[in-house]
Amino acid sequence: MAAELINLPEDKMKEECGVFGIYSPGSDVAQLTYYGLYALQHRGQESAGIAVANGRDIKGEKGIGLVSDVFAETTKLQELQGHIAVGHVRYSGTGSTSPVNAQPLIVRYYGGSPAIVYNGNLVNGRKLRMQLEREGSIFQTTTDCEILAHLIARSGESEIVAALQKVLPRLKGAFTFLIMTPDKLIAIRDAHGIRPLSLGETAAGFVLASETCAFDTVGAQFIRDVKPGEMVVIDKNGPQSLQYAETEKQAMCVFEYIYFARPDSNLLGQNVHMVRKRLGRRLAQEHPVDADIVTGVPDSSLSAASGVAEQLGLPYEMGFVKNRYIGRTFIQPSPELRALGVQLKLNPVRQIVAGKRVVMVDDSIVRGTTSKRIVHMLRQAGAKEVHVLITSPPVISPCYYGVHTATSQELIGARLETKEIAREIGADSLGFLSEDGMLECLNLPKEEFCTACFNGRYPVVCTEECPYDK
Ligand code: SF4
């Protein structure tokens, strides 16, 4: 094993949140939500929380850290008794990592005390917030979640579904909300279905989750995806579907397939691992490379790397080992130690790569800093040549819909041509998957996806500055 370890900087597209909800009388809904959030942990690691309703009241627990950190004391879960629950994991792309921004957000107004969890970004969030503040609202958090709470309270409707039908058309952007009242669980998806949300069932009730891998964890069966512009209301009568907005053309985030989702999840009826494998095969067809082995950067690129290896007829090898046990509380090395090359998280396997011509597969290049380090690390471990294949086109525009990207100026794909990027990251060659190639691998009409970070064509008009482009 090589001695060198690498510390990956914040140079990845970051999904901001995962949501989970359950309506299941007679079940330990808090415990099931804990398991569901565990499965969704890859979607956000900065804060976690669960709220439970028992028909009368709502009680919640949330905090900074991984799900296992926030609920390390088992009594915290035991105190959450009821038959409905919502849960949330968050990566703070917008708003700070302050505990106050952790969700669920439980608010009180004349119509009740709903708990709200949310994934996405409102492109008119700042405008709505300013309007509400001018009208007298005082915000405690910097999340868009609280905007919906204020709109509900100001709707003039005491019944929550009526209030939502009145205010949801004012929200523009990408969002999935789960809203829990003492006796209802409500799921909402934006009119373009940019962020994913699926509905499933157990023997005792119904579940909702950002990804279907959470269903497997709690023994639920997938029923269907929540439709763009749909509100699903679950109560003692079961699920009821209401269309709160005209269904716009679906535009699901293509990065869910490329990078965010877990390989065992299904999105729009397709298994993520299988899609990534097709992306890898297509990539190798577009960029055939003469090499000895293929390796993927763990974890999101492993499926695609197996497709590349299959297509090139080369051995698929474990060129890296990832340290999975670095939590938030891990003490980052000091600048001095970093300068000495004390690096963490990813370790190249010298015996596998030394003396080899290596094809390194990754899902995307954002700033280029991570790719540069990984290529350097492979060379230090003895690789003779390093050829980098990327299972997406160059990222040239920031995301306005809840994914943390770099600024336009920082995106290496917006500044440099492919050959220049190869030189910058120190690779012998570099190939990006073409946009057409990527879309053909999805086996669905290409109009059904958002691909704006590759081409700047945004499905929802952005009237405000991108939160990551300041
Ligand atoms: S801009 Fe990119 S990351 Fe954002 S939703 Fe569209 S495809 Fe996904």
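For the structure, check the block above.
This text gives an overview of the structure that appears in the document.

Once that is clear, we can look at the overall build of the chain. Within the chain one finds 17 helices and 25 strands. Looking at the 470 residues of the chain, the share that counts as buried comes to 52%. Excluding contacts between residues fewer than 6 apart, the proportion of contacts in the chain whose partners are at least 24 apart in sequence is 73%.

This next bit is on the sheet that holds strand β7 (residues 115-122). Pairing is antiparallel in the open sheet, where six strands are placed in the order β6-β7-β8-β9-β13-β14. Edge positions in the sheet fall to β6 (105-106) and β14 (238-243), since each of these pairs with one other strand and no more. The sheet strands contacting helix α5 (residues 145-153) are β6, β7 and β8 (173-181), and the helix crosses β7 at an angle near 120 degrees.

Here we have four strands laid out as an open sheet, ordered β18-β21-β22-β24, and parallel in their pairing. If you trace the sheet from one side to the other, it starts and ends with β18 (293-296) and β24 (429-432), each paired once. Strand-to-strand twist across the sheet, computed as the mean angle between neighbouring axes with direction ignored, equals 20 degrees. Sheet topology places β18 next to strand β21 (residues 357-362); four bridges connect them, and they run parallel. In the strand pairing of β21, glycine 296 is matched with valine 361. Contacting β18, β21 and β22 (385-390), helix α10 (residues 302-312) crosses the sheet at an angle of about 165 degrees to β18. The strands touched by helix α15 (residues 418-425) within the sheet are β22 and β24, with β24 carrying the most contacts at an inclination of about 130 degrees.

Let us now look at helix α6 (residues 160-167). For α6, the complete set of buried residues consists of Ala163, Leu164 and Val167. One side of α6 carries all its buried residues, which in axial view fall inside an arc of 100 degrees. In this structure, the buried side of α6 is in contact with α5, β9 (184-189) and β13 (230-235).

Looking now at the site of the ligand. Around the ligand lies a shell of 12 residues, among which Cys253, Cys399, Cys450, Ala452 and Cys453 are the nearest. Among the residues making up the shell around the ligand, the classes are represented as 11 nonpolar, one polar and no charged.

Below, the discussion takes up the pairing of β8. Where burial is concerned, most of β8 is hidden: nine out of the nine residues are buried. The pairing of β7 with β8 spans eight bridges and is classified as antiparallel. By the bridge assignment for β8, leucine 122 is matched with glycine 173. Across six bridges, the pairing between β8 and β9 is antiparallel. Each residue of the ladder has a partner; that of threonine 181, found in β9, is lysine 184. Between β8 and β9, which follow one another and run antiparallel, lie two residues.

The next point concerns the packing of helix α9 (residues 272-286) against α10. Two elements in contact, α9 and α10, have axes whose closest approach is 7 Å; the angle formed by their N-to-C orientations is 40 degrees. Accordingly, the angle class assigned to the pair α9 and α10 is oblique. The two elements α9 and α10 meet at a crossing, and its hand is right-handed. For the pair α9 and α10, the contacting residues are His273, Arg276, Lys277, Arg278, Leu279, Gly280, Arg281, Leu283, Ala284 and Gln285 in the first and Ser303, Ala304, Ala305, Ser306, Gly307, Val308, Glu310, Gln311 and Leu312 in the second.

Next up on the list: α5. Counting buried residues in α5 gives eight out of nine residues, a clear majority hidden from the surface. Taken residue by residue, α5 has Cys145, Glu146, Ile147, Leu148, Ala149, His150, Leu151 and Ile152 as its buried positions. On its buried face, α5 sits against β6, β7, α4 (125-134), α6 and β8.

Here phenylalanine 222 is to be found in strand β12 (residues 221-225). By C-beta crowding, phenylalanine 222 is classed as partly exposed, having 17 other C-beta atoms within 10 Å. Here the alpha-carbon distance between phenylalanine 222 and leucine 199, two residues 23 residues apart in the chain, equals 6.3 Å. Those residues in contact with phenylalanine 222 that lie beyond four places of it in its chain are Ser198, Gly200, Thr212, Phe215 and Asn266.

Basis of the calculations
Residues numbered from 1 in each chain as written. Predicted model: local features only at pLDDT ≥ 70, side-chain atom pairs only at ≥ 80, totals over all residues. Helix = DSSP H or I, 4+ residues; strand = E, 2+ residues; numbered from the N terminus. Buried ≥ 20, exposed ≤ 12 C-beta atoms within 10 Å, placed from the backbone. Contact = placed C-beta atoms within 7 Å. Pairing = 2+ DSSP bridges. Axes fitted to C-alpha atoms, helices over the stretch in contact; angles between N-to-C directions. Arc of directions from axis to C-beta. Near = placed C-beta within 6 Å. Nonpolar A, V, L, I, M, F, W, Y, C, P; charged D, E, K, R; others polar. Parallel < 35°, antiparallel > 145°, perpendicular 65-115°, else oblique. Left-handed = near helix turned anticlockwise from the far one by under 90°.

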